[in-house]
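Breakdown of the fold
Listed below, chain by chain, are the residues.
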Amino acid sequence: MLLKTEVFKVEDAEKDRKCIEICAGILKRGGLVAFPTETVYGLGANALDVSAVEKLYAAKNRPAVKPLSVCVADLPSAERVAVFDDRAKLLFKTFMPGPLTIVLPKRETVPGLVTAGLDTVGIRVPANDIAMMLLKLSGVPLALPSANLSGKGSLSDGSEVVKELYGRVDAIIDAGKTSVGTVSTIVSLAGEAKILRVGAVPPEEILQLVK
Ligand code: AMP
Ligand code: MG
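If you're wondering where the values come from, they're calculated on a predicted model, not measured in any experiment. (Residues numbered from 1 in each chain as written. Chains lettered and ligands numbered in written order. Predicted model: local features only at pLDDT ≥ 70, side-chain atom pairs only at ≥ 80, totals over all residues. Heavy atoms only, no water.)

Looking at the side chain of N46
The topology assignment puts N46 in strand β3 (residues 41-46). Classification of N46 by relative accessible area gives buried; the value is 9%. A distance of 2.8 Å separates a polar side-chain atom of N46 from the backbone nitrogen of L48. Apart from the residues lying within four places of it in its own chain, the contact partners of N46 are L27, A52, V53, V140, P141 and L142. (Helix = DSSP H or I, 4+ residues; strand = E, 2+ residues; numbered from the N terminus. Buried < 20%, exposed > 50% of the residue type's maximum accessible area, 1.4 Å probe, protein only. Polar contact = N/O pair within 3.5 Å; in protein donor to acceptor, adjacent residues only side chain to side chain. Contact = heavy atoms within 4.5 Å.)

Looking at the site of ligand 1
For ligand 1, the set of nearby residues contains 15 residues, the closest of which are R62, T120, S146, I186 and R197. In the environment of ligand 1, a nitrogen atom lies 3.1 Å from a nitrogen or oxygen atom belonging to the side chain of T120. When the free accessible area of ligand 1 is taken as 490 Å², the share hidden by the protein chains comes to 80%. With three residues, the single largest contributor to the shell around ligand 1 is strand β6 (residues 120-124). (Near = heavy atom within 4 Å. Areas by Shrake-Rupley, 256 points an atom, 1.4 Å probe, with all protein chains shown as cover.)

So, the pairing of strand β9 (residues 185-188)
The side-chain alternation of β9 yields two buried faces, one formed by T185 and V187 and the other by I186 and S188. Relative to strand β10 (residues 194-197), β9 runs antiparallel, the two being bridged by three bridges. Bridge pairing in β10 links V187 to I195. Hairpin geometry of β9 and β10 is characterised by an intervening segment of five residues between the two adjacent antiparallel strands. (Pairing = 2+ DSSP bridges.)

Observations concerning the sheet that holds β10
Here we have 10 strands laid out as an open sheet, ordered β1-β8-β2-β3-β7-β4-β6-β5-β9-β10, and mixed in their pairing. If you trace the sheet from one side to the other, it starts and ends with β1 (6-9) and β10, each paired once. Of the strand pairs in this sheet, strand β5 (residues 100-105) and β9 are connected by four bridges, and their pairing is parallel. Bridge pairing in β9 places I102 opposite V187. Strand contacts of helix α5 (residues 129-138): β2 (33-36), β4 (70-71), β7 (142-143) and β8 (171-174), with the helix running at about 140° to β2, the strand carrying the most contacts. The strands touched by helix α6 (residues 158-165) are β1, β2, β3 and β8; relative to β8, the strand with the most contacts, the crossing angle is about 160°. (Axes fitted to C-alpha atoms, helices over the stretch in contact; angles between N-to-C directions.)

Quick look at unusual backbone geometry
For the peptide bond that leads from M96 to P97, omega is 0°, which places it in the cis range. At N61, a residue that is not glycine, the phi angle is positive and equals roughly 60°. Relative to the elements of secondary structure, N61 occurs in the loop between α2 (50-60) and β4. N61 sits in the exposed class, given a relative accessible area of 54%. A positive phi angle is found at A116, which is not glycine, with a value near 55°. Here A116 shows up in the loop between β5 and β6.

A closer look at the packing of aromatic side chains
Inspection of every chain in the model, using the stated rule, returns one aromatic pair. A ring pair is formed by F84 and F92, whose centres lie 5.8 Å apart and whose planes are at 75°; its orientation type is edge-to-face. Across the pair, exposure class does not vary: F84 and F92 are buried alike. (Phe/Tyr/Trp six-rings, centres within 6.5 Å; stacked < 30°, edge-to-face > 60°.)

Quick notes on the state of the cysteines
Disulfide: a covalent bond formed between the sulfur atoms of two cysteine residues. Throughout the structure, instances matching the rule amount to zero disulfides. For the unlinked cysteine C71, the closest cysteine sulfur is that of C23, found at 15 Å. (Disulfide = S-S within 2.5 Å.)

Looking at the environment of V187
Topologically, V187 is positioned in strand β9. As for V187 and Y57, which are separated by 130 residues in sequence, their C-alpha atoms are 23 Å apart. Among residues more than four places away in sequence, those in contact with V187 are L91, L100, T101, I102, V103, K194, I195, L196 and I206.

Details of the environment of T37
Residue placement: T37 occurs in the loop between β2 and β3. Residue classification places T37 among the buried residues on the basis of a relative accessible area of 2%. T37 sits 89 residues away from P126 along the chain, and the two C-alpha atoms are 5.7 Å apart. Reaching out from T37, the side chain makes a polar contact with the backbone oxygen of V40 at a distance of 2.8 Å. Reaching out from T37, the side chain makes a polar contact with the side chain of R124 at a distance of 2.9 Å.

Listed below in structure tokens is the structure:
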């Protein structure tokens, strides 16, 4: 299905607040918005809205067996979607906002579609002013996979996201190149601490805190 995609060129979250307000409204109404984080661009949808999440899988051509991680603004919001133990709180306080995703037991508020039926959810807080303002203004947790078609590489430049997702999403915030450019490290704390994907945070920095 072809959607009318609005592209917003954004340089600075405060200066371009109006664009971010519009995008937050789109997310609240169940739409899809691609936007930068410090790692790569993400494609966001309200994680509590099943039909928004269905659209997200369709826009990426992503098989529904691959779970989506969830992006939030702060610890209280994170604790509404996942169950934090002391190890998780320590990692959260040490690395977030930042390029780390922590997989934790999920709360019932998160639809099973988001996590592909798993009883865990990946949580992340982006260190990016635009992403943070979008999260605060939309007021909902966002399912946030990388903003690219399934099977393709993640994108760290807004113009590449426009090329790949134009016509498939409601809006794209193009803020140029992301600052880190590589994906987040993923650690599971659902049982013993386990690195699931190596990314921007070195695994040993994580494992020395939560063995
Ligand atoms: P992407 O969706 O491209 O941003 O990549 C996120 C990665 O996190 C994917 O490989 C997912 O499979 C993985 N992931 C997300 N949620 C979970 C989870 N609950 N358990 C294990 N892996 C997860
Ligand atoms: Mg990806």
